[in-house]
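Chain residues, written in single-letter form:
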Amino acid sequence: MATENKAVITLFGATGDLAKRKLYTALFKLYQKGYLADHFALLGTSRRPLTDEEFQQIVRESISNIPETEDGQAEAFSKHFFYKSHDVTKPEHYEILKQRLAELDKQFGAEGNRLFYMSMAPQFFGTIALNLKKQGLLTDNGFNRLVIEKPFGRDFESAKKLNDELSQTFSENQIFRIDHYLGKEMVQNIQALRFGNTMIESLWNNRYIDNIQVTLSEKLGVEERAGYYDQSGALRDMVQNHIMQIVAQLAMEQPVAFTDADVRVEKIKALRSLRLYTPSEAAANFVRGQYDAGDGTNAYRHEDGVDPESGTETFVAAKLMFDNYRWSGVPFYVRTGKKLADKFTRIDVVFKKPLIDIFANPRSESDQSLNSNILTIFVEPNSGFAIQLNAKRAGQGFTTEPVDLRFLQSDSDKKESPEPYERLFHDALEGNHTNFASWAEIAYAWKFVDVIRKLWDIEKPQFPNYAPGSMGPAASDELLARDGRKWVYRLNH
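Residues numbered from 1 in each chain as written. Predicted model: local features only at pLDDT ≥ 70, side-chain atom pairs only at ≥ 80, totals over all residues. Heavy atoms only, no water.

### Considerations on the sheet that holds strand S13 (residues 384–392)
What counts is decided by this rule: Here, any two strands with at least 2 DSSP bridges between them count as paired. Each helix is a run of H or I in the DSSP string that is no shorter than four residues. Each strand is a run of E no shorter than two, and both are numbered from the N terminus. Helix axes are fitted to C-alpha atoms over the stretch in contact, other axes to C-alpha atoms as well, and angles between N-to-C directions run from 0 to 180 degrees. Contacts were defined at the residue level, with two residues in contact if any of their heavy atoms lie within 4.5 Å.
Taking strand neighbours across the sheet as the criterion, the eight strands line up as S8-S9-S10-S7-S11-S12-S13-S14 in an open arrangement whose pairing is mixed. One side of each edge strand has no neighbouring strand; the edge strands of this open sheet are strand S8 (286–289) and strand S14 (400–408). Going across the sheet, the axis of each strand differs from the next one's by a mean of 15 degrees, ignoring polarity. As paired strands, strand S7 (residues 209–217) and strand S11 (residues 344–351) are joined by eight bridges and run antiparallel to one another. What sits directly across from isoleucine 212, in S11, is valine 349. Across the face of the sheet, helix H16 (residues 474–481) comes into contact with S7, S8, strand S9 (315–320) and strand S10 (332–337) while running at roughly 10 degrees to S9.

### Things to note about the domain arrangement of the chain
What counts here: Where a domain begins and ends is set by an automatic assignment or by a domain database. When two parts are brought into contact, each loses some accessible area as probed by a 1.4 Å sphere; the total of that loss over both is the buried area. Counted as a polar contact is a pair of N or O atoms within 3.5 Å, where, for protein atoms, one must be capable of donating a hydrogen and the other of accepting one, and residues adjacent in sequence contribute only when both atoms are in side chains. Basically, the charged four are Asp, Glu, Lys and Arg, the nonpolar ten are Ala, Val, Leu, Ile, Met, Phe, Trp, Tyr, Cys and Pro, and anything else, Gly included, counts as polar.
Domain parsing of the chain yields domain 1 (7–149) and domain 2 (182–482). Centre-to-centre, using C-alpha coordinates, domain 1 lies 35 Å away from domain 2. Taken together, the contact between domain 1 and domain 2 spans 18 residues of the former and ten residues of the latter. Across the domain 1 to domain 2 interface the summed buried area is about 1300 Å²; carbon plus sulfur atoms make up 72%. Where domain 1 touches domain 2, the interface holds four residue pairs in polar contact (both at pLDDT 80 or more). Contributions of two or more residues to the side of domain 1 that touches domain 2 are made by strand S1 (7–12), helix H1 (17–32), strand S4 (114–118) and strand S5 (144–148). The greatest single-element share of the side of domain 1 that touches domain 2, amounting to seven residues, is contributed by H1. Here the side of domain 1 that touches domain 2 is built from residues that sort into 13 nonpolar, no polar and five charged.

### Concerning the sheet that holds S5
An order of S3-S2-S1-S4-S5-S6 is seen for the six strands of this open sheet, with the pairing classed as parallel. Each edge of the open sheet is held by one strand with a lone partner, namely strand S3 (81–85) and strand S6 (175–177). Neighbour to neighbour, the strand axes of the sheet diverge by 20 degrees on average, direction disregarded. As paired strands, S4 and S5 are joined by five bridges and run parallel to one another. The partner of phenylalanine 116 across the bridge, within S5, is leucine 146. Sheet contacts for H1: S1, strand S2 (40–46), S3 and S4; angle to S1, the most-contacted strand, approximately 170 degrees.

### With respect to the packing of aromatic side chains
Test applied: Within 6.5 Å between ring centres, the rings of Phe, Tyr and Trp (the latter by its six-membered ring) count as paired, and their orientation is classed by plane angle as stacked under 30 degrees, edge-to-face over 60, tilted in between. Buried means the residue's accessible area, taken with a 1.4 Å probe over protein chains only, is under 20% of the maximum for its type, while exposed means over 50%, and partly exposed covers the values in between. Distance and angle both matter: a charge sits over a ring if NZ of Lys or CZ of Arg is within 6 Å of the ring centre and within 35 degrees of the ring normal.
For the coordinates displayed, the defined rule picks out 31 aromatic pairs. When the ring of phenylalanine 152 is compared with that of tryptophan 439, the centres are 6.1 Å apart and the planes differ by 45 degrees; the resulting orientation is tilted. A residue pair is termed long-range when its members are at least 10 positions apart, and phenylalanine 152 in the loop between S5 and helix H6 (156–167) and tryptophan 439 in helix H15 (residues 439–458) qualify at 287 residues. In this pair, the class of phenylalanine 152 matches that of tryptophan 439, namely buried. A network of ring pairs unites the aromatic residues Tyr24, Phe28, Tyr31, Phe40, Phe55, Phe77, Phe81 and Tyr83 as a single cluster. Against the face of phenylalanine 152 rests arginine 177, its NZ or CZ located 5.2 Å from the ring centre.

### A look at the environment of alanine 7
With respect to the helices, strands and loops of the structure, alanine 7 is situated in strand S1. Sequence separation between alanine 7 and arginine 264 is 257 residues, and the spatial gap between their C-alpha atoms is 26 Å. For alanine 7, the residues in contact, after removing those within four places along its chain, are His39, Phe40, Ala41, Ala110, Asn113, Phe143 and Leu429.

### Side note on the pattern of salt bridges
This is how the line gets drawn: Every case where a carboxyl oxygen of Asp or Glu lies within 4 Å of a side-chain nitrogen of Lys or Arg is listed as a salt bridge.
Going through the model one piece at a time under the given rule, you end up with 30 salt bridges. The shortest N-O distance in the salt bridge between lysine 6 and glutamate 111 comes to 3.0 Å. With lysine 6 in the segment before S1 and glutamate 111 in the loop between helix H4 (91–108) and S4, this residue pair connects regions lying 105 residues apart in the sequence. Look at the salt bridges and you will find they share partners, linking Arg194, Glu201, Glu253 and Arg326 into a network.

### Overview of H15
Our working definition: Multiplying one less than the number of residues by 1.5 Å gives the expected span of a helix. Two axes are fitted around each residue, one to the seven residues ending there and one to the seven starting there, and the angle between them is reported as the bend at that residue.
The end-to-end C-alpha distance of H15 is 28 Å, a good match for the 28 Å that 20 residues give at a rise of 1.5 Å each. Along its length, H15 shows its largest kink, about 30 degrees, at valine 449.

### Here we look at the pairing of S5
In plain terms, the rule: Every crossover in which the path from the first strand over the helix to the second runs clockwise, viewed with the strands pointing away from the viewer, is termed right-handed.
Burial within S5 is extensive, with five of its five residues counted as buried. Taking every second residue as pointing to the same face, both faces of S5 are buried, with Asn144, Leu146 and Ile148 on one and Arg145 and Val147 on the other. Viewed along the sheet, the connection from S4 through helix H5 (residues 125–134) into S5 turns out right-handed. Following the backbone out of S5, through H6 and into the adjacent parallel S6, one traces a crossover that is right-handed.

### Some points on helix H10 (residues 233–251)
Look at H10: 25 Å from first C-alpha to last across 19 residues, which is about the 27 Å you get at 1.5 Å a residue. Helix geometry: H10 is bent most strongly at valine 239, by close to 45 degrees. Counting buried positions along H10 yields 19 of 19 residues, so the element is predominantly enclosed.

What follows is the structure, encoded as structure tokens:
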């Protein structure tokens, strides 16, 4: 049985695109499952003037594609939503919010529990947090928690400044930094796969693993995000957060127990051991790209809102190294980009071949050497695992061929799996930090990325350098070929 969470949620940026596309649907699903019921309310704020009724209509429209499990459920749900036009820079406006929150707390019996969700421009995060404390919007008789959307800074210095501002109001255990990839079912399965299976964890080291590959591929271009993206790029938008969080889970040691505190300790240790590159090492181990025109679509530089001379990268590939006992000598290859062959996220763990291949036939003209065993974690759009093994080919003679053992989630399982924002909203209400990034994790990730960003900011790239529908520039393949390796996922393979 679901346990009801009691809280008044304050949503800064309540009329924004994220709120309409993701947040209201996530809350409605929690409501349908009983995690939210009679004792919650949401106070939405933005500059736009709206009545409570107009705001409730926006909420109902946002959840209209989710079937009701009971008659009138959407209408009943929307009655928990209220609105107040608000300028986050004006201290006097917080006094009005304070009064409204007190009324809602009493009306819905929220017991002083308050969740503040920032879904707006990052430059206002610190201002809001400081005013929440100065104007007395925090309670003494319940929890006070802060949920923050990315980006968390543009580099280490700006991230530290933001964290210092937030820390004046909230302690680290009250801050929940969203990374929606951590809410994905198969990203969460990394730890179950590793630490729940002796046959996997016993091989999870440099004695048996040759390399690990992480691919976050996007088929679309920048779409309506061009203004933001041209100031960010793939390195900041994808590598510093999503990829670093996935890599940390792949590289971490087994925690003492599966608690948010213990998991965070091991992720931090892993990121501490990530090798910080010198500028020359960064140049050798990082590849950037920008998509050209093709397939009837514009080149990145011709997208609306993009500088025609933009040097912003839409693709990154890299080789990461960890300087610790478990991973010494094992490269982690990562790549992400827009306008690639398809939309998917996958992790490929490539195991070392046997030291002696007893099946090799030196008299054969064909290559009969054994293939590497590969464990693949499919994150999206399909969710599941595959293990590539070597087996005898049916028929006369004795030759080997790769075969797959595969498990993919059924459609019914997918329906039961919460969407990332549903899961993360629930965890924040429960006070569970397992699937949120700590400040230490973000700090180490920024320190690593800053070296590459500073190098790229002073070097003029040769853009555009890859075609839409490909898997990025040729230099991405060359990065692995230099080590005698290749990407597991390749076009026409």
